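Letter by letter, the chains look like this.
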Amino acid sequence: MLHPRIRIAAVQKDTDFTEITPTAGISVEQHGGRAKCLQRLIRLDLPVPKTVALSTACVERISASHVPDITELMTIFGEAPLLSARPSSQDPDWGGPRAVLNIGMTAARHVRLVKTHGELAANALYLRFIHSYSVHVARLDPDMFEMPKDPTAAALQAMLAAYTIETDEEFPQDPARQLSEVLRSMARAWGGTTARLLRQAKGAPVDAGLGLVVQEMALGVGAGSCGSGVIQFVDVVTGLPQIKGRYLDQSQGRDALRAGEEAMFLTRDLRGPSFEDQNPAAFEALKKAGGIIRKRLREEMQVEFTIENSNLRILDAVRLPRGARADVRIAVSLATDGIIPREEALLRIPPRALSELLHRQVDPSGPRDVFCRGIAASPGAATGRIVFSATAAQASAARGEDCILVRRETTPEDIRGMHAAIGVLTERGGMTSHAAVIARGLGVPCIVGASELSLGIRDTSFTVKGRTFSAGDIITLDGTTGEVLAGSAEMLPPALDDAFQTLLTWADDVRDIGVRANADTPTDARMARSFAAQGIGLCRTEHMFFEDDRLTVMREMIFADASDDRRAALARLLPMQRADFKELFEIMSGLPVCIRLFDPPLHEFLPSSRDGMREMAEALDLPLSDVTRRIEALSEFNPMLGMRGVRLGITVPEIYDMQARAIFEATVEASENGAPIVPEIMIPLVSAMREVELVKSRIDAVAAAVRIEKKTDFTYKLGVMVETPRAALRAGDIARHAAFLSFGTNDLTQMTYGLSRDDAGRFMSAYVQQGVYPEDPFHMLDTDGVGELLQIGAERGKAARKDVVLSICGEHGGNPESIAFCRNAGFDYVSCSPFRVPVARLAAAQAALLDPRVKSVDKNNIIHI
């Protein structure tokens, strides 16, 4: 009899469950990924035990205690079957409740198994089911049901007695009731708050359903050669061919992975016995099955198998869990072997996953002030300032400061902070903790389980072995070794393998939008070249003035009262700027370099503290009162909307004159040793056509003067950085005097929203959580609002000047979603930070492949397991 709490559903009986056969109507959407994969294995005529799939709709009804006809379901398997139940979510990454094995074990079945398989095997099977049922179905105290080391009769009776004590009833002896309760428990576990939050953190929709599969048991215990194991055919880290896994005699499920030294190696190994030696025929059959699965399922799979009296049974195959490095190599290998087309290989790799391959590593030969160790949960290394909350991490990222998020343990509410941070450190957790799983998905270095940490009550500091670290202190995470270092550490560049390069070469063959890099220094430019950027889309020249030898000269220029005095000070900066630009031109070897003229307000180069003002007064040989008055005169209520960019270039034209001369003289010198250089000069913060006319006339004059002085000719392009809504709206007028329009979406987003990037982090999480904004517009381009301005600007600019070049140069330029938007809007290229160039190259290729107007690959033929 069924338990009184269980009611048999009276409707939809024929669609509740389906035996998986080659022709059955099984789909990922209705039955989940595991069910569909099992059907594919059955179609390949592999030795898969009989299996029944329960639809997501059926499982939803089961969670409300409306179960299907269990007796009819069990009839499919014959008389008195032993069964297993496993989850079948639409995406394996979403997880699911634990599998339950040996459903149908009763006292009567135990007696029969003692006769056929022996007492120890029968005891082991029964004990395993009682343990799983008690802990995961009846939800009893796990400590009361620990699995004994030896499956003796006394141990079996003790566990049965413990169940009776805890529940005031005998252990269920009706197989139908057992299966009903197992299915109900699994269905309800899927709907639990913790499970729901975890899968949503992995990208599952709120209403994601769960399918279940019920499968005939392949026991793996008994007389003869019996056992179970797991096999894979490539390394999960590198993706290189290698048979890996474990096998354990007299075992079930995935016991071999938890057995430690008792488990056998799969292939011959000098360290111990192997499955290949023990059962060579089954091993060869397993390798053959693996090859068939790889070729026909077009994927590297991890195969769970059981050996029953020397006969191979394949229970399951799941997409091999792996990191981004292995993912890339596997996709390239499958395409190279002709199993999948190159286009599909490109579409299989999430562009953001490439970031994991680009991370730096701590130099092992450098000094290491290690103060703490934890579990290395996500590879790579990162140096940043300590923050203790997601909000602080977002605020830090908005300011452009690298930060390390430190938490006791993370929750789904911390995901936004993890996106903003460049590293994560937690006091608690393991390899499958929330922090570890999410960090690996993001490609963020992460160390968990750093139990030596002791966070303060208010989460504003932590203590380790008597050393205290507070918010703002700099630390380094070595996510490869699990070590936490005080201060900054020497870093090694990332190692990029042949598969990575091959994939991006294929991407370049497909994409139809350019990818440049934002690079301000020679180091940035070299990195951009190493990632095959097609030029520099944004070189911010103001960063060149903050070096000590230049800062004093810059301040002299700011304090100069007359134009001639400003020119005299800037003349000392001219050779420095010329050398900067020449080096950039030489590094880029003829590729385009777009140089943005001076942009920030002058007060950014002046000290704010009293001590700083005194030091500057001494350096400039001026009275402190004069310094104080000039700083006060230059201060603005809202400097980001004040005298900066083109406004400064018009009111203090000597700055742009010097920069233009430096660019042109560097152009002449760099062109002497190679192909002619055609520099691109960009005017920032434009909002009116007349601003462009004024600056253009002075730059043209400087160019003419340099041509005469150097007795040589050169060409250059002058363009505008569109950062204000008015510039986007008046792009038609502006384009008449501009060879290119480059949309600076960072400032354009600020001005469109009326938001400060530096302050938005204080409330952005609340806004997104409450649906005010779908996403932080500084992290993800607002295609509705800011995007409409981009479209208007692009359309009006092209209408006025057909050959005007359109681009985006804010950090949004590295977002896959932004790239697809810009491509559809007719932009010529995107520009992003050097480390995001590979991401942009792959995203651009995917945007082209997924364009319904481009018939390059059958999108419907791509199998996701």
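Notes on the structure follow. In this text, all values refer to a predicted model and were calculated from it rather than measured experimentally.

Cut-off values and rules
Residues numbered from 1 in each chain as written. Predicted model: local features only at pLDDT ≥ 70, side-chain atom pairs only at ≥ 80, totals over all residues. Heavy atoms only, no water. Pairing = 2+ DSSP bridges. Helix = DSSP H or I, 4+ residues; strand = E, 2+ residues; numbered from the N terminus. Axes fitted to C-alpha atoms, helices over the stretch in contact; angles between N-to-C directions. Contact = heavy atoms within 4.5 Å. Phe/Tyr/Trp six-rings, centres within 6.5 Å; stacked < 30°, edge-to-face > 60°. Buried < 20%, exposed > 50% of the residue type's maximum accessible area, 1.4 Å probe, protein only. Lys NZ or Arg CZ within 6 Å of the ring centre and 35° of its normal. Core = buried A, V, L, I, M, F, W, Y, C linked by side-chain atoms within 4.5 Å. Left-handed = near helix turned anticlockwise from the far one by under 90°. Nonpolar A, V, L, I, M, F, W, Y, C, P; charged D, E, K, R; others polar.

### Comments concerning the sheet that holds strand β7 (residues 210-216)
Strand pairing in a sheet takes place through backbone hydrogen bonds and is either antiparallel or parallel in direction. In space, the 5 strands of this open sheet follow the order β2-β3-β7-β5-β6, with antiparallel pairing throughout. Both edges of this open sheet fall to β2 (17-19) and β6 (100-103), since each of them pairs with a single strand only. With strand direction ignored, the average angle separating the axes of adjacent strands in the sheet is 25 degrees. Of the pairings in the sheet, the one linking β2 to strand β3 (residues 51-54) comprises 3 bridges and is antiparallel in character. Bridged to T18 within β3 is A53. Here helix α4 (residues 56-63) sits on the sheet in contact with β3 and β7, set at roughly 95 degrees to β7.

### Considering the packing of aromatic side chains
Here the structure, examined in full by the defined rule, presents 21 aromatic pairs. On the numbers, 6.0 Å between centres and 5 degrees between planes, the contact of Y247 with F305 is stacked. Separated by 58 residues along the polypeptide, Y247 in strand β9 (residues 241-249) and F305 in strand β10 (residues 301-308) bring together distant segments of the chain. Residue Y247 shares its accessibility class with F305, and that shared class is buried. Here the aromatic residues Y126, F129, Y133, Y163 and F171 are joined through ring pairs into a cluster of three or more. Here the basic side chain of R630 rests over the ring of F559, its NZ or CZ set 5.4 Å away from the ring centre. Sitting over the face of the ring of F714, R707 holds its NZ or CZ atom 4.6 Å from the ring centroid.

### Notes on the sheet that holds strand β8 (residues 227-234)
If you trace the 4 strands from one edge of the open sheet to the other, you get β9-β8-β10-β11, paired in antiparallel fashion. Both outer strands of the open sheet, β9 and β11 (311-319), are each paired with one neighbouring strand and no more. Across this sheet, the average inter-strand angle for adjacent strands is 20 degrees, counted without regard to direction. Bridge count between β8 and β10: 5 bridges; the pairing is antiparallel. Note that in β10 the partner of V230 across the bridge is E304. Across the sheet, helix α13 (residues 280-297) lies against β8, β9, β10 and β11, angled at about 150 degrees from β10, the strand it touches most.

### Things to note about the environment of A569
Here A569 shows up in helix α23 (residues 563-588). A sequence separation of 15 residues divides A569 from M554, and the C-alpha atoms of the two residues are 7.3 Å apart. Not counting residues within four places of it along the chain, the set of residues in contact with A569 comprises V553, E556 and M557.

### Some points on helix α3 (residues 33-43)
For α3, the tally of buried residues reaches 9 of 11 residues, placing the bulk of the element in the interior. Regarding α3, the residues found buried are G33, A35, K36, C37, L38, Q39, R40, L41 and I42. Remark: D45 follows α3 within two positions and exhibits a positive phi of approximately 60 degrees.

### Considerations on the pairing of strand β17 (residues 423-426)
Side chains of β17 alternate between two faces, with G423 and L425 and V424 and T426 buried alike. Bridge analysis of strand β16 (residues 403-407) against β17 gives 4 bridges, and the strand direction is parallel. Bridge pairing in β17 links L405 to V424. Note: β17 against strand β18 (residues 446-448), 2 bridges, orientation parallel. Across the sheet, the residue bridging to V424 is C446, located in β18.

### Observations regarding the nonpolar core
By size, the foremost hydrophobic cluster in this structure holds 124 residues, and its most contacted members are F664 and L741. Looking at this core, the element that brings in the most residues is helix α27 (residues 653-671), giving 10 residues. In this structure, F664 is in contact with I681, I699, V702, A703, V706, F714 and Y716, ignoring residues within four places of it in sequence. Counting 53 residues, the second largest nonpolar core, distinct from the first, contains I62, V100, A122 and W190.

### With respect to the packing of helix α14 (residues 324-336) against helix α20 (residues 498-510)
Between α14 and α20, the least distance of the axes is 9 Å, while the angle of their chain directions is 65 degrees. In this structure, the crossing between α14 and α20 has a hand that is left-handed. Between α14 and α20, the contacting residues are V328, R329, V332, A335 and T336 on the first element and D498, A499, F500, T502, L503 and W506 on the second. Across the contact of α14 with α20, the residue classes break down as 7 nonpolar, 2 polar and 2 charged.

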